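Chain by chain, the residues:
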Amino acid sequence: MTILKENLPVGLCSDHAGFELKGIIEGYLESKGIPYKDFGTFGTESCDYPDFAHPCAEAVEAGEVYPGIAICGTGNGIGMTLNKHQGIRAALCWQPELARLARAHNDANVLVLPGRFIEPEVALECVDTFLSTEFEGGRHQRRIDKMPVKK
Ligand code: RB5
């Protein structure tokens, strides 16, 4: 089973603290023949995660990429930024079971990883699980429908 959509790349973004892991994940996706779009950052120079999170979030919302994978040092800053977007459900995960539940129960559309607090092998397991877990719907759909802030 895969949540990947035909002809739609996975969207990736990170800050400097997630740059190395982003590259490892890209190598993993390439080895599986999975297309991706990289929204940056493109080096280890200190930078601000919102500059990369917002374009990635907008692309997920616009249906140009799916799903997203985002990484900063803790995962918190980039995840908080992504979740400002009403159409984004970004889930911070540091073990595969969290990635599975983020998909199965929350229909998460962005996987967020804490680059400074996760081993690359575990991060790749999280990616693999996230990309292969279907949303269960049902009662979980009802809860997701209540997430957006009413204006
Ligand atoms: C960068 O030093 C660090 O603050 C950032 O990657 C992230 O952890 C913030 O939430």
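What you see is a predicted model, and the numbers here were worked out from it, not measured in a lab. Every chain is numbered on its own, with residues counted from 1 as its sequence reads. In keeping with the predicted nature of the model, local features appear solely for residues at pLDDT of at least 70, side-chain atom pairs appear and are counted solely at 80 or more, and the whole-chain, interface and lining totals rest on all residues. Note: side-chain values were computed over all heavy atoms of the structure, leaving out hydrogens and water.

> Please explain the sheet that holds strand β4 (residues 90-92) as it appears in this structure.
Strand-to-strand pairing in sheets goes through backbone hydrogen bonds, with the strands running parallel or antiparallel. Strand order in the open sheet made by the 5 strands is β2-β1-β3-β5-β4, with parallel pairing throughout. Of all the strands in the sheet, just β2 (36-38) and β4 have a single pairing partner and so form its edges. When strand polarity is set aside, the average angle formed by the axes of neighbouring strands in this sheet is 20°. At least two DSSP bridges between two strands are required for those strands to pair. The way it works is that DSSP assigns letters per residue, a run of H or I at least four long becomes a helix, a run of E at least two long becomes a strand, and they are numbered from the N terminus. Note: strand β1 (residues 10-14) against strand β3 (residues 68-72), 4 bridges, orientation parallel. Across the sheet, Cys 13 pairs through a bridge with Ala 70, a residue of β3. Here a residue-residue contact requires only that any non-hydrogen atoms of the pair lie within 4.5 Å. Lines fitted to C-alpha atoms define the axes, with helix axes restricted to the stretch in contact, and inter-axis angles between N-to-C directions lie between 0 and 180 degrees. Across the face of the sheet, helix α1 (residues 19-31) comes into contact with β1, β2, β3 and β5 (110-114) while running at roughly 160° to β1. Its contacts with the sheet place helix α5 (residues 120-131) against β3 and β5, and it is angled at close to 170° to β5.

> Which parts of the structure should I look at to understand the pairing of β3?
Along a regular strand, successive side chains alternate from one face of the sheet to the other. In terms of burial, β3 is a largely internal element, 5 of the 5 residues being buried. One ladder, built from 5 bridges, connects β3 with β5; its direction is parallel. Residue pairing in the sheet places Cys 72 in a bridge with Pro 114 of β5. Here's how the labels work: a residue is buried when its accessible area is under 20% of the maximum for its type, exposed when over 50%, partly exposed in between, all with a 1.4 Å probe on protein chains only.

> Explanation requested: unusual backbone geometry in the structure shown.
Backbone geometry follows two general trends: most residues other than glycine have a negative phi, and most peptide bonds adopt the trans configuration. That bond from Gly 40 to Thr 41 is cis: its omega, 10°, falls within 30 degrees of zero. Mapping Thr 41 onto the fold places it in the loop between β2 and α2 (50-61). The backbone of Asn 7 sits at a positive phi, close to 65°, despite the residue not being glycine. Relative to the elements of secondary structure, Asn 7 occurs in the segment before β1.

> Help me out: how do you make sense of the pattern of salt bridges in this one?
Side-chain pairs of opposite charge can arise whenever the charged atoms involved come near each other. Throughout this description, the term salt bridge denotes a Lys or Arg side-chain nitrogen within 4 Å of a carboxyl oxygen of Asp or Glu. Counted according to the given criterion, the structure contains 4 salt bridges. The salt bridge involving Asp 38 is made with Lys 22; its shortest N-O contact spans 2.9 Å. Here Lys 22 lies in helix α1 and Asp 38 lies in strand β2, a separation of 16 residues in the sequence. Residue Lys 22 is classed as buried on the basis of its relative accessible area, which comes to 1%. We note a salt bridge from Arg 89 to Asp 107, for which the minimum N-O separation is 3.3 Å. With a gap of 18 residues between them, Arg 89 in the loop between α3 (76-82) and β4 and Asp 107 in the loop between α4 (96-104) and β5 connect regions that are remote in the sequence. Residue classification places Arg 89 among the partly exposed positions, given a relative accessible area of 21%.

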